[in-house]
Amino acid sequence: MVKLVVADDEERVCRLIVALGNWEELGIKVVGTAANGIQALELIRKEKTDILITDIRMPGLNGLELIEKVREISPDIKIMIISGYANFEYAQNALKQGVSDYLLKPINKDALNESLTKMVNQIETARRTDMAFQDIQNERREELIKLRNMLLHDLCHDRSLGLSEDILREKYYLNVQPGLYQVLAIKQDAGENNSKEDTIELIWHKMEEILQREITKECYDFVTAIEGEYLYGLMNYPARNSEKIRKIVRSCFNQMIARNDYLGKTQLSLGIGFSVKEAENIKDSFVLANRSLAERLLEGNSKILEADASNGVLYEKKLVDKFTRNLGSALQTLDVEEIRNTINVIYNETMETPGVHGWEILEMIRQCGSIFIMRLDVPDKAELQKEFDNKCDNCVTVNALFTCLLDFMLTKVNQMIALREEDSVRPVRLAKQYIHNHYQEQITLEEVSDYVGLTPAYFSVMFKKETEIGFAKYLINERIEGAKDLLRESTLSVADICRKVGYNDPKHFTRLFEKNVGVKPAVYRKLYG
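Residues numbered from 1 in each chain as written. Predicted model: local features only at pLDDT ≥ 70, side-chain atom pairs only at ≥ 80, totals over all residues. Heavy atoms only, no water.

Attention now goes to the overall build of the protein chain. If you tally the helices and strands in the protein chain, you get 23 helices and 10 strands. The C-alpha atoms of the protein chain give a radius of gyration of 44 Å, which is well past the 24 Å a tight globule of 529 residues would have. If you line up the protein chain on its principal axes, its C-alpha atoms span 135 × 75 × 40 Å. Every one of the 529 residues in the protein chain was classed for burial, and the buried ones make up 42%. Counting only carbon and sulfur atoms, one obtains 49% of the accessible surface of the protein chain, whose full area is about 28700 Å². Taken together, the 70 basic and 82 acidic charged side chains of the protein chain have centroids lying 5 Å from each other. (Helix = DSSP H or I, 4+ residues; strand = E, 2+ residues; numbered from the N terminus. Rg over C-alpha atoms; globule rule 2.2 N^0.38 Å. Buried < 20%, exposed > 50% of the residue type's maximum accessible area, 1.4 Å probe, protein only. Areas by Shrake-Rupley, 256 points an atom, 1.4 Å probe, with all protein chains shown as cover. Lys, Arg positive; Asp, Glu negative; His and termini not counted. Charge placed at Lys NZ, Arg CZ, Asp CG, Glu CD.)

Put into structure tokens, the structure is as follows:
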């Protein structure tokens, strides 16, 4: 809607203009009339007017003075002058001040509406242009945010990433200054009902809002990026602000963990990397921030955590080597108990090691999982590794981490056991199908064993192990069941049924039938046919 103000010291002229305009058709709303320039100026300031229709001679401020004042508060306003003075000098002065049109009294309705139409078209064109420009600006702003946030994304996925102050400025558009760099890493450990993606994003958006509001006050620049259940932040700040930054980070974290309306059962942990002076060392701060997060395995979550930069103490224990040695024999025999014992031994030695860090326990478990996966004869090992790493990320205690490794291994081993059992059962299943389809013929054990690809001797042992009755007895049972069906459902003679189920001697068939069923074929037909 276009807003319009009429200013004339003659009330009847104001009423006439209001009466002549095609306001609804043009999409114009007359927001008020004024009897002098001062009133008009106040109306324009209050209503944010788009069009002013004004007389030249008015008390307080004349039309030209009013136009000059209006331009100061609303440079883009469209102005139409209506005057009874056909004075070229007035028209010239008005046009110099950007007046859109100049109409003489008495006012002509068509001329008025024609002029208003041009103004509305200009206003709407300007609005569309402005909206398009705003869209472009928003797109650029969003693209700039993406480029800035891409730094932390690249740190997550590219261990060989090279950084310098020039790269930070030119590639990632960071406004870096000489001082310190420091990385923050925050992890969500979701409760049972809080693992949905939209809940994760809601928490991160609130956390970003708090961090951006508080930290940017003391930094040259600050960027954040969301990576699933992780939120990373990079600060660049003057060295003199170090202590102030620590207090602000703690305050931001405490503000967020107090928001039960956002978190529900989700718990947050914040890991801090050490501050570094050079841009190329930002990667070291990033690694330590992630290591710090892993300390929650020992210290618990809902805390601000810091790890030292030492190499850890588990390496000397060579627990991964011990795991690897025991794994070989366990996988060969698919011994579930041996796998349990191996994990228990590693767990006990880990927990008995003085000064052990959470991050090195996590790295050890991931290495063990990786070694196990590499020993498996399965496709998509990379996907399996990703699945295991994700499971490890969601563990919040050392016990849960070792249980994760054990459950992962047992699941795969049990699948291997099932496959091996399936491999031994499959030939017997194929043999049963073959016998069912061919029992009417003179089939032999040699014929069936050849069909399933085994030697007769091995097949005979395997078949008896699975069926508990052996090949010959199984074939007899299959033929007797076929004979029972024919006796119930057909009018064939016993002799014909005898031949149908693979026997040539009716007397022999009758004896077999009576031995297995308890009655002779003819009696069975009378009872059940």
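It is worth spelling out the sheet that holds strand β4 (residues 78-83) at this point. Taken in spatial order, the 5 strands line up as β2-β1-β3-β4-β5 in an open sheet, and their pairing is parallel. Only two strands of the sheet have a single partner each, and these edge strands are β2 (28-34) and β5 (101-104). On average, each strand axis in the sheet is tilted by 20° relative to the strand beside it, whichever way the strands run. Judged from the 4 bridges that link them, strand β3 (residues 51-54) and β4 form a sheet pairing that is parallel. (Pairing = 2+ DSSP bridges. Axes fitted to C-alpha atoms, helices over the stretch in contact; angles between N-to-C directions.)

Here we come to the packing of aromatic side chains. Applying the stated criterion to the full structure yields 14 aromatic pairs. Between the aromatic rings of Phe513 and Tyr524, the centroid separation amounts to 5.6 Å while the plane-to-plane angle is 75°, which identifies the pairing as edge-to-face. Linking Phe513 in helix α22 (residues 506-517) with Tyr524 in helix α23 (residues 521-528), this pair joins segments that are 11 residues apart in sequence. Residue classification places Tyr524 among the buried positions, given a relative accessible area of 6%. Cluster of aromatic residues (ring-pair linked, three or more members): Tyr503, Phe509, Phe513, Tyr524 and Tyr528. Directly above the aromatic system of Tyr230 lies the positively charged group of Lys187, at a separation of 5.5 Å from the ring centroid. The ring of Tyr503 has Arg479 sitting right over it, with the charged end atom 5.1 Å from the ring centre. (Phe/Tyr/Trp six-rings, centres within 6.5 Å; stacked < 30°, edge-to-face > 60°. Lys NZ or Arg CZ within 6 Å of the ring centre and 35° of its normal.)

One pass over the full model with this rule turns up 28 salt bridges. Between Asp55 and Lys105 there is a salt bridge whose closest N-O contact spans 3.6 Å. Separated by 50 residues along the polypeptide, Asp55 in the loop between β3 and α4 (63-73) and Lys105 in the loop between β5 and α6 (109-157) bring together distant segments of the chain. Here Lys244 and Glu218 are joined by a salt bridge, their closest N and O atoms 3.8 Å apart. Taken as a pair, Lys244 in helix α9 (residues 242-257) and Glu218 in the loop between α8 (197-215) and β7 (221-227) lie far apart in primary sequence, 26 residues in all. (Salt bridge = Lys/Arg side-chain N within 4 Å of Asp/Glu carboxyl O.)

To continue, consider a negative patch on the surface. On the surface, a cluster of negative charge is contributed by Asp135, Glu139, Glu142 and Glu143. Among the secondary structure elements, Glu143 is positioned in helix α6. Since its relative accessible area comes to 42%, Glu143 is described here as partly exposed. (Patch = residues over 30% accessible without salt bridge, like charges linked within 9 Å, V, L, I, M, F, W, Y side chains within 5 Å.)

You can see Asp393 is positioned in helix α16 (residues 381-393). The buried category is assigned to Asp393, whose relative accessible area is 15%. Separated by 3.3 Å, the side chains of Asp393 and Tyr230 make a polar contact. Among the polar contacts listed, one links the side chain of Asp393 to the side chain of Arg366, at a separation of 2.4 Å. Residues contacting Asp393, with those up to four places away along its chain left out, are Lys187, Asp189, Tyr230, Arg296 and Arg366. (Polar contact = N/O pair within 3.5 Å; in protein donor to acceptor, adjacent residues only side chain to side chain. Contact = heavy atoms within 4.5 Å.)

Moving on, we come to the nonpolar core. Side chains of nonpolar character tend, in soluble globular proteins, to be buried together. Counting residues in hydrophobic clusters, the biggest one holds 39 residues, and the most contacted among them are Met364, Ile365 and Phe372. Sort the elements by how many residues they give to this core and helix α17 (residues 398-438) lands first, with 10 residues. Excluding residues that lie within four positions of it along the chain, Phe372 makes contacts with Phe323, Leu327, Leu331, Phe408, Met409, Lys412 and Val413. (Core = buried A, V, L, I, M, F, W, Y, C linked by side-chain atoms within 4.5 Å.)

Here the focus is the state of the cysteines. Disulfide: a covalent bond formed between the sulfur atoms of two cysteine residues. Enumeration over the complete set of coordinates arrives at 0 disulfides. Considering cysteine sulfurs only, Cys392 is the nearest to Cys156, which forms no disulfide, with 17 Å between them. The partly exposed category is assigned to Cys156, whose relative accessible area is 27%. Summary of cysteine pairing: Cys395 is not part of a disulfide, and the nearest cysteine sulfur, belonging to Cys404, is at 4.3 Å. (Disulfide = S-S within 2.5 Å.)

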